[in-house]
Amino acid sequence: MSLVLSTAVLVGSVAVPSAADIGRPVSAAAPNTQLDAGASPAQGGEGLSPADIARLNSLDHSSVGPLVSGGPPSLRPGPSPLAASIFWCPSKGGDPYETMATYTRTNVRNIPNGKNTLRCGRPTKDGWGFLHIRDSHAAEWEALDSFLGWDVSMDKNIRSTLQSKNAVAHYKSGNDTYSIQAPGYIYSNRKIVATYTVFVIVAGSDGRIITAYPRGLRWV
């Protein structure tokens, strides 16, 4: 039994900074990371409900991420590069800008090709990076792929989203962030059982990943 996430194009027109703006040095002030609440197209609505998570956990499934180059990746991908660095990412103290994973971004609409970096970041809902995602969205990623675990589920969904030709970016000038979205389908027993959207929020200044989460789960 398998779960597959594939993508469909979202539409939207946004004002996009020039390619030269991507990769600027990190400014002293971190971007506003209050992105998880609300229901705007660039942010998504509420997260997966406890009922949805319980239903997903009752299925024998595995996520393979959004479609890349017109077809799904393998059902059982190799070890995630993220896995090796999880154990030394500091929960308290240390360098929040320590790199955990670097992703190549290609084919995403409304944003130039480039790279996005997942760093250790800061924990809690008001934080950013890996530790924020762990504290705020681990249960949602775990529900999408309980076989591989929340961190690998998150990693491969981010990686596939940033390489999907069906992904689209929305720019928010108020806090200089991009919301990169890739809608997907959940398969179980080779049938679509639900759809949802992956949101990857990145800083416009340096491309670091602020947060990533699934939203809008709908059962077929």
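Quantities reported herein were computed from a predicted structural model and do not represent experimental measurements.

**What about the pattern of salt bridges?**
Alright, step 1. On inspection of all chains with the given rule, the structure shows four salt bridges.
Alright, step 2. Residue Arg215 pairs with Glu140 through a salt bridge whose shortest N-O separation is 2.9 Å. Of this pair, Arg215 sits in strand 6 (residues 209–219) while Glu140 sits in helix 2 (residues 129–144); the two residues are 75 residues apart in sequence, bridging distant segments of the chain. The exposure classification of Arg215 matches that of Glu140, with both residues buried.
Alright, step 3. A salt bridge links Arg208 to Asp206, with the nearest nitrogen and oxygen atoms 2.9 Å apart.
Alright, step 4. With relative accessibility at 2%, the residue Arg208 sits in the buried group.

**Topic: the sheet that holds strand 3 (residues 168–172)**
Alright, step 1. In spatial order, the strands read 3-4-5-6; together these four strands make up an open sheet with antiparallel pairing. Every interior strand has two partners, whereas the edge strands, strand 3 and strand 6, have only one. Sheet twist, expressed as the mean angle between neighbouring strand axes with direction ignored, is 25°.
Alright, step 2. Here strand 3 pairs with strand 4 (residues 177–188) via five bridges, running antiparallel. What sits directly across from His170, in strand 4, is Ser179.

**Observations regarding helix 2**
Helical geometry: 3.6 residues make up each α-helical turn, so side chains three or four residues apart lie on a common side.
Alright, step 1. For helix 2, spanning 16 residues, the distance from its first C-alpha to its last is only 20 Å, which falls clearly below the expected 22 Å at 1.5 Å a residue.
Alright, step 2. Maximal helix bending in helix 2 amounts to about 75°, located at His137.
Alright, step 3. Turning to helix 2, its buried residues number three or more, namely Gly129, Phe130, Leu131, His132, Ile133, His137, Ala138, Glu140, Trp141, Ala143 and Leu144.

**Brief notes about the confidence of the model for the protein chain**
Alright, step 1. In the predicted model, the protein chain carries a mean pLDDT of 72, and 65% of its residues have values of at least 70.
Alright, step 2. Strand 3 holds the highest mean pLDDT among the elements of the protein chain, 97, whereas helix 1 (residues 50–58) holds the lowest, 84.
Alright, step 3. Here residues 1–44 is a poorly scored stretch, pLDDT under 50, and it has 135 contacts once near neighbours within four places are set aside; other chains count.

**Re the pairing of strand 5 (residues 191–203)**
Alright, step 1. Within strand 5, 10 of the 13 residues are buried, which leaves the element mostly enclosed by the surrounding structure.
Alright, step 2. Taking the residues between adjacent antiparallel strands as the criterion, strand 4 and strand 5 are bridged by two residues, where Asn189 takes a positive phi near 55°.
Alright, step 3. One ladder, built from eight bridges, connects strand 5 with strand 6; its direction is antiparallel. Paired with Val200 across the two strands is Ala212, which belongs to strand 6.
Alright, step 4. The turn joining strand 5 and strand 6, which pair antiparallel and follow one another in sequence, is formed by five residues; a positive phi near 80° is taken by Gly207.

The rules we used
- Residues numbered from 1 in each chain as written.
- Predicted model: local features only at pLDDT ≥ 70, side-chain atom pairs only at ≥ 80, totals over all residues.
- Heavy atoms only, no water.
- Salt bridge = Lys/Arg side-chain N within 4 Å of Asp/Glu carboxyl O.
- Helix = DSSP H or I, 4+ residues; strand = E, 2+ residues; numbered from the N terminus.
- Buried < 20%, exposed > 50% of the residue type's maximum accessible area, 1.4 Å probe, protein only.
- Pairing = 2+ DSSP bridges.
- Axes fitted to C-alpha atoms, helices over the stretch in contact; angles between N-to-C directions.
- Expected span 1.5 Å × (residues − 1).
- Bend = angle between axes of the 7 residues up to and from the residue.
- pLDDT = per-residue confidence, 0-100.
- Contact = heavy atoms within 4.5 Å.

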